[in-house]
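Given next are the chains, with one letter for each unit.
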Amino acid sequence: MGVYNIKEIKYFFENKANIELLNKNDFDNLFFRWFYSSNNYCQLAQFLIDADIDFYQYLSRLRLSMFQTVDFKNKPILFTDKLEHISAYAFYLCSGLTSITIPDSVEEIESYAFCKCSTLEHITLPSNIIGISDNTFLKCIKLNNVTIPNIVWYIGDYAFSDCSNLSNIIIPDSVTRIGSYAFKGCINLTKIKLPDNLVDLGIDVFGNCLNLTNIEWRNKTYNSYLSFKRAFNKSK
């Protein structure tokens, strides 16, 4: 697997002399050291999770595919305000993760970050992000409740597509753009309030939302996506 074994890694975390090193340096450097030969971040992450080592507090950046396919085994994840960035595919295809809180110190969550997290039910998004990137929550089939932060201005393509259990989402007035297929296939979504400032609507945003019969926009209510889309197009 790598140049260190589990006993050596456990010893590293149990040695108080190393805590100062962890606090001062990017934890990614240790990932490179321990698994330099394979550069397999998710393999190391699984290793640490299985060993019940609390390493989240030292992370400042989640690298590309860092937790891809990892099984969190329903163990709690507690990040600190040291975390600033979540890269693409960071949690792609992970399992055993039902709830997660992203600290407000995070300013960007890249595309596909939580794509196909099949067990994710709830996420608290940081207040400082300005957008929901493309495919961020694509096919998170158990995600049921999302509140978009108040300074977000765009929701990307396929951002919540095929979130079949999503029944409630709050979109703030700051959002002016919703990308193509953003909520396609959200079959449990029955109603939604869209921001008055919405000016850019992508293709088939609510396609196959079979139970969506209440769309509120600019003080009017529409009983179907088609009727809303007609009104939106006329407003341009």
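Just above, that's the structure.
Residues numbered from 1 in each chain as written. Predicted model: local features only at pLDDT ≥ 70, side-chain atom pairs only at ≥ 80, totals over all residues. Heavy atoms only, no water.

Enquirer: So what exactly am I meant to see when it comes to the sheet that holds strand β11 (residues 191-193) here?
Expert: Paired through their backbone hydrogen bonds, the strands of a sheet run either parallel or antiparallel. Read across the open sheet, the three strands follow the order β11-β13-β14; overall the sheet is mixed. Strands with a single pairing partner mark the edges of an open sheet, and in this sheet they are β11 and β14 (220-222). Each strand of the sheet is rotated relative to its neighbour by a mean of 20°, with strand direction disregarded. Examined bridge by bridge, strand β13 (residues 214-217) and β14 share three bridges and lie antiparallel to one another. Following the sheet pairing, Glu216 is matched in β14 by Thr221. Packing against the sheet, helix α5 (residues 225-234) makes contact with β13 and β14, and its axis sits at approximately 20° to β13. (Pairing = 2+ DSSP bridges. Helix = DSSP H or I, 4+ residues; strand = E, 2+ residues; numbered from the N terminus. Axes fitted to C-alpha atoms, helices over the stretch in contact; angles between N-to-C directions. Contact = heavy atoms within 4.5 Å.)

Enquirer: Explain a nonpolar patch on the surface here, please?
Expert: A cluster of nonpolar side chains, namely Ile130, Ile151 and Trp153, defines an oily patch on the protein surface of about 290 Å² accessible area. Along the chain, the position of Ile130 falls in the loop between β5 (122-124) and β6 (131-132). (Patch = residues over 30% accessible without salt bridge, like charges linked within 9 Å, V, L, I, M, F, W, Y side chains within 5 Å. Areas by Shrake-Rupley, 256 points an atom, 1.4 Å probe, with all protein chains shown as cover. Salt bridge = Lys/Arg side-chain N within 4 Å of Asp/Glu carboxyl O.)

That's the geometry; what it means functionally is another story.
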